[in-house]
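One letter stands for each residue in the lines below.
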Amino acid sequence: QVQLVESGGGLVQPGGSLRLSCVASGFTFSNYAMTWHRQSPGKERELVAAITGGGSSTNYVDSVKGRFTISRDDAKNTVYLQMNNLKPEDTAVYYCNARYFVTNYWGKGTLVTVSS
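*Asks:* Describe the sheet that holds strand β7 (residues 68-73), listing the residues and the values that go with them.
*Replies:* Strand order in the open sheet made by the four strands is β1-β3-β8-β7, with antiparallel pairing throughout. The open sheet has two free edges, formed respectively by β1 (3-7) and β7, since each of these has just one partner strand. Averaged over all neighbouring strand pairs, the angle between strand axes comes to 15°, with direction disregarded. Across six bridges, the pairing between strand β3 (residues 18-25) and strand β8 (residues 78-83) is antiparallel.

Following this line, the structure appears as structure tokens:
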């Protein structure tokens, strides 16, 4: 049974930090490119950060460059999103995604709220 379980969301003040985790099971994690996406109320889901299988390459949406870092630990079947200097506009449900060719899995998301 394939599962992606996100955790680490919560309420944080502007300028604060959070680290999201996504634990995978039920597939060969190391083969999969992993991405983090987010969706705010009334907006489309957007790709935030991506990391290739093996972790050799990463990519970020412009709005988070220099503030967010994606990483993976294939021994733990886990992908992380370190979020620093958070802004109110980062408030969203964050989802992890695993992709290998046409195979695509989603987690259920974790809510991040940035507010004073």
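Still more to cover.
*Asks:* Residues and numbers for the nonpolar core, please.
*Replies:* Formed by 28 residues in total, the largest nonpolar core has its most connected members in Trp36, Leu81, Met83 and Tyr94. Listed by contribution, the elements that provide at least two residues to this core are β3, β4 (33-39), β5 (46-51), β7, β8, β9 (92-100) and β11 (110-114). Apart from the residues lying within four places of it in its own chain, the contact partners of methionine 83 are Gly16, Ser17, Leu18, Leu20, Arg67, Phe68, Tyr94 and Val112.

*Asks:* So what's going on with unusual backbone geometry? Residues and values would help.
*Replies:* Even without being a glycine, asparagine 77 presents a positive backbone phi close to 50°. Positionally, asparagine 77 belongs in the loop between β7 and β8. Backbone geometry places phenylalanine 101, a non-glycine residue, at a positive phi of 55°. For phenylalanine 101, a relative accessible area of 69% puts it in the exposed group.

*Asks:* Give me the lowdown on a nonpolar patch on the surface, citing residues and values where you can.
*Replies:* Nonpolar side chains collect at one region of the surface, where Tyr100, Phe101 and Val102 lie side by side and expose about 400 Å² of accessible area between them. Relative to the assigned elements, phenylalanine 101 resides in the loop between β9 and β10 (103-106).

*Asks:* A description of the environment of alanine 98 should follow, citing residues and the corresponding values.
*Replies:* Turning to its location among the elements, alanine 98 is positioned in strand β9. The exposure class of alanine 98 is buried, given its relative accessible area of 0%. Along the sequence, alanine 98 and valine 79 sit 19 residues apart, while their C-alpha atoms lie 9.8 Å from each other. Those residues within four positions of alanine 98 in sequence are excluded, and the remaining contacts are Leu4, Phe27, Tyr32, Ala33, Met34, Thr103, Asn104 and Tyr105.

The rules we used
Residues numbered from 1 in each chain as written. Predicted model: local features only at pLDDT ≥ 70, side-chain atom pairs only at ≥ 80, totals over all residues. Heavy atoms only, no water. Pairing = 2+ DSSP bridges. Helix = DSSP H or I, 4+ residues; strand = E, 2+ residues; numbered from the N terminus. Axes fitted to C-alpha atoms, helices over the stretch in contact; angles between N-to-C directions. Core = buried A, V, L, I, M, F, W, Y, C linked by side-chain atoms within 4.5 Å. Buried < 20%, exposed > 50% of the residue type's maximum accessible area, 1.4 Å probe, protein only. Contact = heavy atoms within 4.5 Å. Patch = residues over 30% accessible without salt bridge, like charges linked within 9 Å, V, L, I, M, F, W, Y side chains within 5 Å. Areas by Shrake-Rupley, 256 points an atom, 1.4 Å probe, with all protein chains shown as cover. Salt bridge = Lys/Arg side-chain N within 4 Å of Asp/Glu carboxyl O.

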